Amino acid sequence: GGFDHGVRAGPAILTLANGIWYEGEFSQPGGQRHGEGCTTVPEGYLRSECGFMNYHGQYVKGLRHGHGELMFPDGAVYKGEFTKNRRHGKGRLQQANGSVYEGNWEDDRPGNGTAKITYSSGHSYEGDVIGCQRHGEGTMYYPVSHSMSGGVLYKGAWEKDDMHGEGELRNTDGTYRGEFVAGGRPGAG
């Protein structure tokens with residue numbers, strides 16, 4: 001790679017003594033990762049200590065910042081926005097079991113707002129969330145493999161991941177429209 005006044009600058013490849021490998025841009029002053037780059041953590045203890053296998057994306061002053069893709073040791077992959085090394089902004093996390101969370105992230109955790117969630121069962125949800133919990137207005141869909149393939153299972157109000165408030169539940173027995181309390185139907189509908 002290049003040097004400017006004795007400090008790394010421009011495109012380069014860096015391998016640390018512990019085996020962490022970086023290929024990408026460096027900035028001046030300071031010689032920090034800055035711009036587009038890729039960091040790879042070797043298998044073993046260090047990978048579990050760092051919490052990730054590979055990151056490819058933007059860096060600012062040595063930190064993941066901007067758009068990038070982060071691969072975790074358990075097979076999960078996050079694609080989206082970062083701020084100061086944390087998942088923050090719009091992003092999509094796909095787990096090894098097939099479940100997907102796509103929505104806002106705040107300080108490295110699923111955030112508040114609207115999201116699309118696909119569960120390992122094949123069910124999916126689109127609507128309001130608070131920290132990855134269904135909360136507010138939203139719609140739950142049947143899995144494509146179900147006899148009611150991809151159709152609406154429940155549409156209405158949610159609170160702390162439960163159907164709660166006015167809503168409509170559709171299943172093979174028919175449709176219930178009415179009030180829900182903590183996931184249950186207290187009335188006749």
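For the structure itself, consult the block above.
Residues numbered from 1 in each chain as written. Predicted model: local features only at pLDDT ≥ 70, side-chain atom pairs only at ≥ 80, totals over all residues. Heavy atoms only, no water.

Visitor: Outline the overall build of the chain, supporting the account with residue identities and numerical values.
Guide: When helices and strands are tallied, the chain shows 1 helix and 15 strands. Relative to the globule expectation of 16 Å for 189 residues, the C-alpha radius of gyration of the chain, 22 Å, shows a markedly less compact shape. Considering only C-alpha atoms, the chain reaches an extent of 80 × 25 × 25 Å along its principal axes. Across the 189 residues of the chain, 35% fall into the buried class. For the chain, the exposed surface amounts to about 10500 Å²; the carbon and sulfur share of it is 50%. Considering the chain, the positive charge centre built from 19 side chains and the negative charge centre built from 23 side chains are found 1 Å apart. (Helix = DSSP H or I, 4+ residues; strand = E, 2+ residues; numbered from the N terminus. Rg over C-alpha atoms; globule rule 2.2 N^0.38 Å. Buried < 20%, exposed > 50% of the residue type's maximum accessible area, 1.4 Å probe, protein only. Areas by Shrake-Rupley, 256 points an atom, 1.4 Å probe, with all protein chains shown as cover. Lys, Arg positive; Asp, Glu negative; His and termini not counted. Charge placed at Lys NZ, Arg CZ, Asp CG, Glu CD.)

Visitor: Could you give an account of the pattern of salt bridges, naming the residues involved and the relevant values?
Guide: In this structure the tally under the stated criterion is 8 salt bridges. The salt bridge partner of Arg86 is Asp107, with a shortest N-O separation of 3.0 Å. Residue Arg86 is found in strand β8 (residues 86–94), and its partner Asp107 is found in the loop between β9 (100–106) and β10 (109–118); the two are separated by 21 residues along the sequence. Exposure remark for Arg86: the relative accessible area of 35% places this residue in the partly exposed category. Here Asp108 and Arg87 are joined by a salt bridge, their closest N and O atoms 3.0 Å apart. Pair noted here: Asp108 is in the loop between β9 and β10 and Arg87 is in strand β8, with a separation of 21 residues, a long-range link. Since its relative accessible area comes to 11%, Arg87 is described here as buried. Put simply, Arg86, Arg87, Asp107 and Asp108 are held in one network by salt bridges that share partners. (Salt bridge = Lys/Arg side-chain N within 4 Å of Asp/Glu carboxyl O.)

Visitor: Lay out the nonpolar core in plain terms, naming residues and giving numbers.
Guide: One finds Leu70, Tyr78 and Tyr154 to be the most contacted residues of the largest nonpolar core, which totals 30 residues. Considering each element in turn, this core owes the most residues, 3 residues, to strand β13 (residues 152–159). Aside from chain neighbours lying at most four places away, what touches Leu70 is Phe52, Asn54, Tyr55, Arg64, Ala76, Val77, Tyr78 and Phe82. (Core = buried A, V, L, I, M, F, W, Y, C linked by side-chain atoms within 4.5 Å. Contact = heavy atoms within 4.5 Å.)

Visitor: Describe the environment of Lys84, naming the residues involved and giving the relevant values.
Guide: Along the chain, Lys84 turns up in the loop between β7 (77–83) and β8. It is 19 Å that separates the C-alpha atoms of Lys84 and Val41, two residues lying 43 residues apart in sequence. In contact with Lys84, not counting residues within four places along its chain, are Leu63, Arg64 and His65.

Visitor: Account for the state of the cysteines, with residues named and values stated.
Guide: Overall, the coordinates contain 0 disulfides when judged by the stated rule. For the unlinked cysteine Cys50, the closest cysteine sulfur is that of Cys38, found at 14 Å. (Disulfide = S-S within 2.5 Å.)

Visitor: I'd like to hear about the environment of Asp74, residue by residue, with values.
Guide: For Asp74, the location among the structural elements is in the loop between β6 (63–71) and β7. Accessibility expressed as a relative area gives 53% for Asp74, which makes it exposed. Residues Asp74 and His164, 90 residues apart in the sequence, show an inter-C-alpha distance of 34 Å. If we skip the residues at most four places from it in the chain, Asp74 touches Gln95 and Ala96.

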